[in-house]
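Summary of structural features
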Amino acid sequence: MTGKKRSEFRVVATSARKVDGHGLVTGRPKFVADVALPGQLTVRLLTSPYAHARITSIDVSEAEAVPGVACILTHENTPTSRFTTAGQGYPEPSPYDTRLFDDKVRYVGDYVAAVAADCDAAALDAVAKIRVAYEELPAVLSIDDALADGAPVIHDEADAEGIYDASRNIVADVDIDIGDVEKGFADSPVIIETTCETQYAQHTPIETHIVQSALDGDGRLVLRTSTQVPFHVRRIVARTLGLPIHRVRVIKPRIGGGFGTKQEILLESIAGLITLRTGRPALLHLTRREEFVSARTRHPMRVRVKLGADEDGTLRALEMEALSNTGAYGSHGLTVLSNTGSKTLPLYNKASDVHFFGKAVYTNLPVAGAYRGYGATQGYFPLETAMDALAERVGLDPIAVRERNAIRSGESSPIFEKLGEGREGVAFAIRSCELERCIEIGRERIGWDAKRGKRERNGSWVHGLGLSIHMQGSGIPQIDMAAATIVMNEDATCNLLVGATDLGTGSDTILAQIAAEVLGIPVEAVRVTSSDTDTTPFDVGAYASSTTYVSGMAVQRAAQQVRGQILEVAAAALETDVGALRLGEGRVEAPSGEILSLAEVCGRATHVVDQFQIAATASCVPEESPPPFLASFAEVAVDTETGRVKVIKYVAAVDCGVPINPKMAEGQVEGSIVNGIGYALTEEMLFSSRGRVRNPTLFDYKIPAAPDVPEIEVILVDSYEPTGPMGAKSVGEIAINAPIPTIANAIYDAVGVRLTRTPFTAERVLAALRGPEADA
């Protein structure tokens, strides 16, 4: 590791208390639903009961007669322009295939109408009285059905834009080659091939999607919304409703969870249009059932991986084919598919011949979107289980085969340049990588050498160990942009204005720590204002593991400019050179020992001599996306009588550069692991034969509860990323990719069966144990 050590920082690399922590535990911050505006309407949705149908008529006359009903929206009285709901940088790589309301519904839960009324009871009564006649159409309920010859066409509209091949239900198609993969396989004495499938899963944020709309004193539309992407919301709502961007203001208050699902613009245009039509505030939120059905999900995928290697386990050729189910609309379809390869294949850069290809396809099932991990989660399952199979085939420890093939500091991968998010990527070399150290620490903490392969038995329970290794990214290079403004006050405090979106992840605190480190002040002296499109500078929002790396660098640059201004004022007052001054601990000190407090410096600039506002705005567009690295280890126990799997202990050793706030970084990793364990073992959306979600409640959809969480040990390995703010890289997503392959490999170590479909339910494990491939 090169660069600054953690101990050399004063504020950064310490577990500072969250700037909003006291307010949160005392219940002061306001979520969207905590504020009721005078005259506020309640909005309820009518959704489709059919997976695929055309609306032949809709009659709202009886609904309009319900006392208290103020507005009803349908496809007959709303804008018809198409847009994408994906909150991505403009121009969005997702297709424009969505209308506010359409005369064709494409999944059970698709929007048919919205009713705004004085109270919830009136809105629900009116929804029940809307009369809709449907012409039911044949439904497509799987990837294979979607791609079959003669399959019903889900998007047959002529005005959609950006669909790869609507006539074949293909949203996106990706195909990139490096070298000659066929020759690489032909020259490889060892071939490993596996196909894995992942399921429909829901984000289950504790706060469902919700938005409040109102008009300000100038008649502008103001949206208070639970979103990860306020500036993208503003742009897409303005487009959808035909408004100039400056006529829309978006405010992000406190958010009760996002995990990617709130990177979508689902409700804001509906609520906004109701307010524009009625002149009254409106509140629209999804119920928990609606959140399951009508919000967003993870993309189910079928991913095939083929490895070609020498007898010593060195990779020659690597192929990955991904088929992704994007559901009824193409939101994030291309970019999630691309990430399935771009975030996984560079890890094993010793393979000189590489082929990644795949398709994202429409089905008449709920819409998939952004979800933490963003395609890498699905790709690492077959890749990391195939690497274990390769190790077994050539007689190596699974750790050894990974160490032989993994990328290292100073190296690169042609994948970086060939495959970006919906376009070509950016070439760069790895500047920081402590993956070997992560593996070494994880190996010791899990007891790998003592326990692996021993199949320790306790009655019907058999124990096993598994591992996987991972890389991710830090923002989207040459696309993401973040800006920050810092304004000094005469009492030596500062206002930090950022468009970055704190989802509860602690980014307000992280960014305050970076500013405080540069300015030589305590975190408590930094007042953070974030996520208001009227008052804070632009930021793409919270996604792509970008906030610390991209937004953090914008803050660091703004703080450095402010620091320079402070030193110039102090140098004039002390009659010395700027370069001779030292700024820290709230004061400026000259070589002579003369000292000015920072408050004196700021007061001088504000009130005394050569007055000006000490302030600066800076931006960051990253040139590369340095990956964090992770070594993941788990001990599991498998009940050979029932098939039940328990995770006994989980160890994650992470290289995320310098952790700006170590406790919060550990919390991000722990949360990702628990989320990933749920995805690996219990979480699955189930469907009827007609495309209806059968388990749209937290009673029937099983996310991990506190008693289900195993012992988790997170180690933040010392590292320094020279392109990152204070040496930092991302940490928010990488760990969610690990539980599926780690647990799958541990199950194999315990009972000798390789599982290729998630979740690893007791029924599936037991069926595998009784199947022909079971290891006696």
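Before reading further, recall that the structure is shown in the block above.
Description of the structure in this document. The residue count restarts for each chain, going from 1 along the sequence in the order it is written. A pLDDT threshold of at least 70 governs which residues receive local features in this predicted model, and a stricter bar of 80 or more applies before side-chain atom pairs are shown or counted, although totals over entire chains, interfaces and linings include all residues. As a rule here, side-chain values come from all non-hydrogen atoms in the structure, and water together with hydrogens is ignored.

1. Thoughts on the overall build of the protein
Our working rule: Every helix listed is a DSSP run of H or I at least four residues long, and every strand listed is a run of E at least two residues long, numbered separately from the N terminus. The atom set for the radius of gyration is the C-alpha atoms, and the globule formula is 2.2 Å times the number of residues raised to the power 0.38. Three exposure classes are used, based on accessible area relative to the maximum for each residue type with a 1.4 Å probe and protein chains only: buried under 20%, partly exposed in between, and exposed over 50%. By the convention used here, residues are in contact when the closest approach between their heavy atoms is within 4.5 Å. Throughout, the Shrake-Rupley method with a 1.4 Å probe supplies accessible areas, and for residues the shown protein chains are the sole cover considered. When charges are counted, Lys and Arg contribute as positive and Asp and Glu as negative, whereas His and the chain ends are disregarded. Taken as the charge centre is NZ of Lys, CZ of Arg, CG of Asp or CD of Glu, depending on the residue.
The helix and strand inventory of the protein stands at 20 helices and 29 strands. Whereas a compact globule of 776 residues would reach a radius of gyration of roughly 28 Å, the protein reaches 27 Å, a difference of no more than 12%. Each of the three principal axes of the protein carries a C-alpha extent, and together these read 85 × 75 × 50 Å. Going through the 776 residues of the protein one by one, you find that 62% of them count as buried. In the protein, the proportion of contacts linking residues at least 24 apart, taken out of those at least 6 apart, comes to 81%. Per element, the accessible surface of the protein, about 27400 Å² overall, is 48% carbon and sulfur. Averaged over its 76 positive side-chain charges, the protein has a centre that lies 3 Å from the centre of its 100 negative ones.

2. Brief notes about the sheet that holds strand β7 (residues 170–178)
So the rule is basically this: Strands are treated as partners if at least two bridges between them are detected by DSSP. Note on method: axes are straight lines fitted to C-alpha atoms, helices fitted across the in-contact stretch only, with angles between N-to-C directions ranging 0 to 180 degrees.
Pairing in this open sheet of five strands is mixed, and the strands run β7-β17-β16-β15-β8 from one edge to the other. Single-partner strands in this sheet number two, and they are β7 and β8 (190–198). Taking the axes of each pair of neighbouring strands and ignoring which way they run, one obtains an average angle of 5° across the sheet. For β8 and strand β15 (residues 301–309), the ladder comprises nine bridges, and the chain directions are antiparallel. Residue E197 lies in a different strand from β15, and its bridge partner there is R302. With respect to the sheet, helix α9 (residues 333–342) is in contact with β7, β15, β16 (315–327) and β17 (353–362), its orientation differing from that of β17 by roughly 155°. Set on the sheet, helix α10 (residues 376–394) makes contact with β8, β15 and β16; between it and β8 the angle comes to about 150°.

3. Concerning the side chain of N349
Filter applied, for reference: Contacts described as polar in this section are N or O atom pairs within 3.5 Å, which, within protein, must combine one atom able to donate a hydrogen with one able to accept it, while residues neighboring in sequence count only if both atoms come from side chains.
Relative to the assigned elements, N349 resides in the loop between α9 and β17. One polar contact links N349 to K350, side chain to side chain, over a distance of 3.0 Å. Polar contacts involving the side chain of N349 include one to the main-chain carbonyl oxygen of S412, which spans 3.1 Å. Non-local contacts of N349, meaning those with residues more than four positions away in its chain, are made with N405, A406, I407, E411, S412 and S413.

4. As for the packing of helix α6 (residues 230–241) against helix α7 (residues 268–278)
What counts here: Under this scheme an angle from 65 to 115 degrees is roughly perpendicular, one under 35 degrees roughly parallel, and one over 145 degrees roughly antiparallel; angles in between are oblique. Crossing handedness is read from the near helix: turned anticlockwise from the far helix by less than a right angle, it gives a left-handed crossing, and turned clockwise, a right-handed one. Throughout, the ten residues Ala, Val, Leu, Ile, Met, Phe, Trp, Tyr, Cys and Pro are labelled nonpolar, Asp, Glu, Lys and Arg are labelled charged, and all others, Gly among them, are labelled polar.
Between α6 and α7, the shortest axis-to-axis distance is 10 Å and the interhelical angle comes to 55°. It follows that α6 is oblique to α7 by the angle criterion. Seen along the crossing, α6 lies across α7 with a hand that is right-handed. For the pair formed by α6 and α7, the contact residues are V233, V237, T240 and L241 on the first element and E268, S269, G272, L273 and L276 on the second. When its residues are assigned to classes, the contact of α6 with α7 shows five nonpolar, three polar and one charged.

5. So, the pattern of salt bridges
Threshold: A side-chain nitrogen of Lys or Arg and a carboxyl oxygen of Asp or Glu constitute a salt bridge if their distance falls within 4 Å.
In total, this model carries 49 salt bridges according to the counting rule given. A salt bridge links R82 to D159; the shortest N-O distance between them is 2.7 Å. In this pair, R82 sits in the loop between β3 (69–73) and β4 (104–105) while D159 sits in the loop between α4 (143–147) and β7, placing the two residues 77 residues apart along the sequence. On the accessibility criterion, R82 (6% relative accessible area) is buried.

6. Re the pairing of strand β2 (residues 53–59)
Across two bridges, the pairing between β2 and β4 is antiparallel. Note on β4: the bridge partner recorded for R54 is K104.

7. A short note on the packing of aromatic side chains
We count it as follows: Two aromatic rings from Phe, Tyr or Trp, using only the six-membered ring of Trp, form a pair when their centres are within 6.5 Å; if the ring planes differ by under 30 degrees the pair is stacked, by over 60 it is edge-to-face, and anything between is tilted. Counted as over-ring charges are cases with an Arg CZ or a Lys NZ within 6 Å of the ring centre that also lie within 35 degrees of the ring normal.
Here the structure, examined in full by the defined rule, presents eight aromatic pairs. Measuring from centroid to centroid gives 5.7 Å for W448 and F633, while their planes differ by 80°, and the two rings are edge-to-face. In this pair, W448 is assigned in helix α14 (residues 448–451) and F633 in strand β27 (residues 629–639), connecting sequence segments 185 residues apart. Residues W448 and F633 agree in their burial class; the two are buried. Just above the ring of W461 sits the side chain of K646; from NZ or CZ to the centre is 4.4 Å. Its end group placed over the ring of Y748, R754 keeps NZ or CZ at 3.8 Å from the ring centre.

8. Some points on the packing of α10 against helix α11 (residues 398–405)
Two elements in contact, α10 and α11, have axes separated by 8 Å at closest approach and are oriented at 110°. As summarised for this structure, α10 and α11 are arranged roughly perpendicular, according to the angle between their axes. By crossing handedness, the relation of α10 to α11 is classed as right-handed. Along the contact surface, α10 presents E384, M387, D388, L390 and A391, while α11 presents P398, V401, R402 and N405.

9. A short note on the state of the cysteines
What counts, and what does not: Disulfides are defined in this document as cysteine sulfur pairs within 2.5 Å.
By the definition in use, this model includes zero disulfides. C433 forms no disulfide, and the closest cysteine sulfur to it belongs to C438, at a distance of 7.8 Å. By relative accessible area, which is 16% here, C433 ends up buried. No disulfide involves C602; its nearest neighbouring cysteine sulfur is the one of C494, lying 9.1 Å away. On the accessibility criterion, C602 (2% relative accessible area) is buried.

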